[in-house]
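Single-letter residue listing:
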Amino acid sequence: MKQKKEPSPEECDQAVEGLSSIKARAEAKAKQLQDSQKGANSILKRIWAMVLGIGPALRAVASMSREDWAKKLQHWKEEFKSTLQHYWLGIKLLWADVRISLRLLLKLASGKTLSRRERQQLTRTTADIFRLVPFAVFIIVPFMEFLLPVFLKLFPNMLPSTFQDKMKEQEALKKRLNARIEYAKFLQETVKEMAKEVQSSRSGDIKKTAEDLDEFMNKVRTGAHVSNEDILGFAKLFNDELTLDNISRPRLMTMCKYMGISPYGTDAYLRYMLRKRLQKIKDDDKMIQAEGIESLSEEELRQACRERGLLGLLSVDEMRKQLQDWLDLSLNYSVPSSLLILSRAFTVSGKVKPEEAVQATLLSLPDEVVDTVGVTALPSEDSVSERRRKLEFLEMQEELIKEEEEKEEEEQARLKESVSGQKDVALEEMVKATTKEAEERERAKTLDKREQLYQLSRALAVLASASSVRREREEFLRLVNKEIELYKNMVEKEGTDGEEAARKAYKAAREESDHAAERAAGHEVSSALINRVDAMLQKLEKEIDDVDAKIGNRWQLLDRDYDGIVTPEEVAAAAKYLKDTSDEAGIQELIEKLSKDREGKILVEDIIKLANEEEETENAEGGKA
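Per an unreviewed UniProt entry, the protein carries the name Mitochondrial proton/calcium exchanger protein and comes from Sesamum radiatum. Check the Sequence similarities (unreviewed entry) section of the UniProt entry for the protein; it says "Belongs to the LETM1 family." Per UniProt, the protein has the following entry under Subcellular location (unreviewed entry): "Mitochondrion inner membrane".

Listed below in structure tokens is the structure:
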């Protein structure tokens, strides 16, 4: 039986070569654009313009009246005050960033998992530190990379052991490798966070600011007239990730019901399921638009409407009209699918226009969502306002993190009580459990079993792989492909249109003198960080090969004949090599969950597939996805 191919060293080599090639093209394109800008704004031209401007400037100063001087002095006074505010808020922001980053790093070092919001907060504060102190990239990043093995010694719980002590030395090699991969992943996320600000400042046509968003939302809240162009223009900023992360549980459950997803589970799990479904719908939208709505049969049309929360009990023509409106807003106007799903609550009667439904949805969103868009997706009119907004946003996120932690602690306490209450049989006989208590106990059992299943399946996937670094190679390829996508986006903008857009953006940046120097510095820091990530990936490829050579196939305790099938007895025997071996019942439950052939044997591919599915869910709930 053919087993799914594991990533090979050759694939990693090809991926790195592809990264080097696309990076060279992107750098050549950037140099070409830079040269064209230098040609238009050469140093000699600027010096000559300054010389020519000396005479008129002196004449203007000589002709200034007492009132003109008074206005000029007032202007200088305001400028001086604004500069002081700029640096004072910068110091406060830097202190807040350092304080929050250290708290989250210490939590990670103690072996705890960061929530999705905490991970985003850590990425955001790190990006801020690099913006505020640009040379930190050249000091902190290599220093942290060098000290990773030391941190693993000081904080062994950062990456807990999975296997027995006889594998300790080999597992230590994998731990160091995984720590470097996680570090590269985190830096890649930081680059993405920094790129948002650079992109928002580089558009020569779109000049929306955070203050414009405030004004728009005030109009919506007071019932003032807003144009469809403004509604759709601002709606596209409320992306799926941001909206799902900040809406309440009742809203999440409503979205699940509209989309045919079971509304049970933790908030993090519901968000994960919604993200997966929304991505599937986005891909489906592109296919339907390419093939045409007319190509769908009545049943396919009805199913497509149901998946999008649209009314599926209408005539074919009405359903086509609804789906066409959805595709128009989703693809042509880039309105996020999450907003369109939430807007279904306002279009149940079918009499409300799609734009009006989107406006009503924006009005119903909590302040946290609007504030997050204002800080993460739009620049402010000046640096003082921007830094003040960031400070307020960080404080708001810290409050939300604190609330989440308190809720989680209460939840854990309730689950412990329900589990301990279950063990007391005499008390259980005396006091009849309520429906809620029974649900709590059942949920505690489910969570424990799921965690156990995840640990078992992931460890067994390692023991069933021909290479001990299969998972690390997969993660490495994902990181390299993300870098390639980043450079592709830069290269694909070449040509007349791309160059014209770049020139407009450059001109806009030159005109906004208040932000120009800061944005330019931010872009340089971002570029330096990208180069550092690329260098880390080059080293990682060699380190993966070294670890693979040292361990070899000594960890392959399952499927040593490479036929892709193992017996339940072999799986049970391999499970004994795990450090915290679960009871026989847990191992048997895992074996029963795996599909088997007619002879009762298990596919190795299914063990790896189950481990990947469980890891994907775990990462999404823990904030790593």
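(A) Expanded view of a negative patch on the surface. On the surface, D371, E392, E395, E399, E403, E406, E408, E409 and E410 cluster together into a patch of negative charge. With eight residues, helix α17 (residues 383–423) is the largest single contributor of residues to the negative patch.

(B) Molecular detail of a nonpolar patch on the surface. A cluster of nonpolar residues, I47, W48, V51, L52, I54 and L58, forms a patch on the protein surface that exposes about 640 Å² of accessible area. Tracing the backbone shows I47 in helix α2 (residues 43–62). Judged by relative accessible area, I47 falls into the partly exposed class, the value being 45%.

(C) Summary view of the pattern of salt bridges. Scanning all chains against the criterion turns up 30 salt bridges. Across the pair K185 and E182 runs a salt bridge whose closest N-O atoms are separated by 3.3 Å. One end of the pair, K185, and the other, E182, are both in helix α6 (residues 168–200), three residues apart, so they sit about a helical turn from each other. K185 gets classed as buried once you look at its relative accessible area, which sits at 9%. On the basis of relative accessibility, which here comes to 26%, the residue E182 falls in the partly exposed class. A salt bridge links R302 to E298, with the shortest nitrogen-to-oxygen separation between them at 2.8 Å.

(D) Examining a positive patch on the surface more closely. Positive charge collects at one region of the surface, where K153, K168, R176 and K550 lie side by side. With respect to the helices, strands and loops of the structure, K153 is situated in helix α5 (residues 136–154). According to the relative accessible area criterion, K153 is exposed, its value standing at 72%.

(E) Layout of the UniProt feature "transmembrane region" (unreviewed entry) in the protein. Sites flagged by UniProt as "transmembrane region" (unreviewed entry) map to residues 129–152. Structurally, residues 129–152 is divided into 88% helix and 0% strand, and its ends, taken at the C-alpha atoms, are 24 Å apart.

(F) Representation of helix α7 (residues 210–222) within the structure. Here α7 spans 19 Å end to end across 13 residues, near enough to the 18 Å set by a 1.5 Å rise per residue. Among the residues making up α7, those that are buried are A210, E211, L213, F216, M217 and V220. Directly beyond the C-terminal end of α7, a positive phi value near 85° is found at G223.

(G) Region of the structure containing the packing of aromatic side chains. Applying the stated criterion to the full structure yields two aromatic pairs. Ring geometry for F216 against F234: centres 4.7 Å apart, planes inclined by 20°, an arrangement best described as stacked. Remark: F234 occurs in helix α8 (residues 228–235) and F216 occurs in helix α7; sequence separation between them is 18 residues. The pair formed by F216 and F234 is uniform in burial state, with each residue classed as buried. Ring centres of Y269 and Y272 lie 6.4 Å apart, and the angle between their planes is 45°; on these two criteria the pair is classed as tilted. Here the residue Y269 and the residue Y272 both occupy positions in helix α11 (residues 267–291), the gap between them amounting to three residues, near one helical turn. Under the relative-accessibility criterion, Y272 is labelled buried at 7%.

(H) Broad picture of the packing of helix α10 (residues 249–258) against α11. Contact pair α10 / α11: the axes reach a minimum separation of 10 Å and the direction vectors enclose 40°. Crossing handedness for the pair α10 and α11: left-handed. Packed against α10, whose contacting residues are R249, L252, M253, M255 and C256, the element α11 presents D267, L270, R271 and L274 at the interface. The class makeup of the residues in the contact of α10 with α11 is six nonpolar, no polar and three charged.

(I) View of unusual backbone geometry. Phi at S334 takes a positive value of approximately 55°, unusual for a residue other than glycine. Within the fold, S334 resides in the loop between α13 (316–332) and α14 (337–342).

(J) Local environment of the packing of helix α3 (residues 66–109) against helix α4 (residues 116–132). At a minimum axis separation of 9 Å, α3 and α4 run at an interaxial angle of 135°. Classed by the angle they form, the pair α3 and α4 counts as oblique. Remark: the crossing between α3 and α4 carries left-handed chirality. Contact residues: α3 offers G90, L93, L94, D97, V98, I100, S101, R103, L104, L105, K107 and L108, while α4 offers E118, Q121, L122, T125, T126, D128, I129 and L132. Grouping the constituent residues of the contact of α3 with α4 by class yields 10 nonpolar, five polar and five charged.

Cut-offs used in this document
- Residues numbered from 1 in each chain as written.
- Predicted model: local features only at pLDDT ≥ 70, side-chain atom pairs only at ≥ 80, totals over all residues.
- Heavy atoms only, no water.
- UniProt positions renumbered as here; feature names shortened; annotations may be inferred.
- Patch = residues over 30% accessible without salt bridge, like charges linked within 9 Å, V, L, I, M, F, W, Y side chains within 5 Å.
- Areas by Shrake-Rupley, 256 points an atom, 1.4 Å probe, with all protein chains shown as cover.
- Salt bridge = Lys/Arg side-chain N within 4 Å of Asp/Glu carboxyl O.
- Lys, Arg positive; Asp, Glu negative; His and termini not counted.
- Charge placed at Lys NZ, Arg CZ, Asp CG, Glu CD.
- Helix = DSSP H or I, 4+ residues; strand = E, 2+ residues; numbered from the N terminus.
- Buried < 20%, exposed > 50% of the residue type's maximum accessible area, 1.4 Å probe, protein only.
- Expected span 1.5 Å × (residues − 1).
- Phe/Tyr/Trp six-rings, centres within 6.5 Å; stacked < 30°, edge-to-face > 60°.
- Axes fitted to C-alpha atoms, helices over the stretch in contact; angles between N-to-C directions.
- Left-handed = near helix turned anticlockwise from the far one by under 90°.
- Contact = heavy atoms within 4.5 Å.
- Nonpolar A, V, L, I, M, F, W, Y, C, P; charged D, E, K, R; others polar.
- Parallel < 35°, antiparallel > 145°, perpendicular 65-115°, else oblique.

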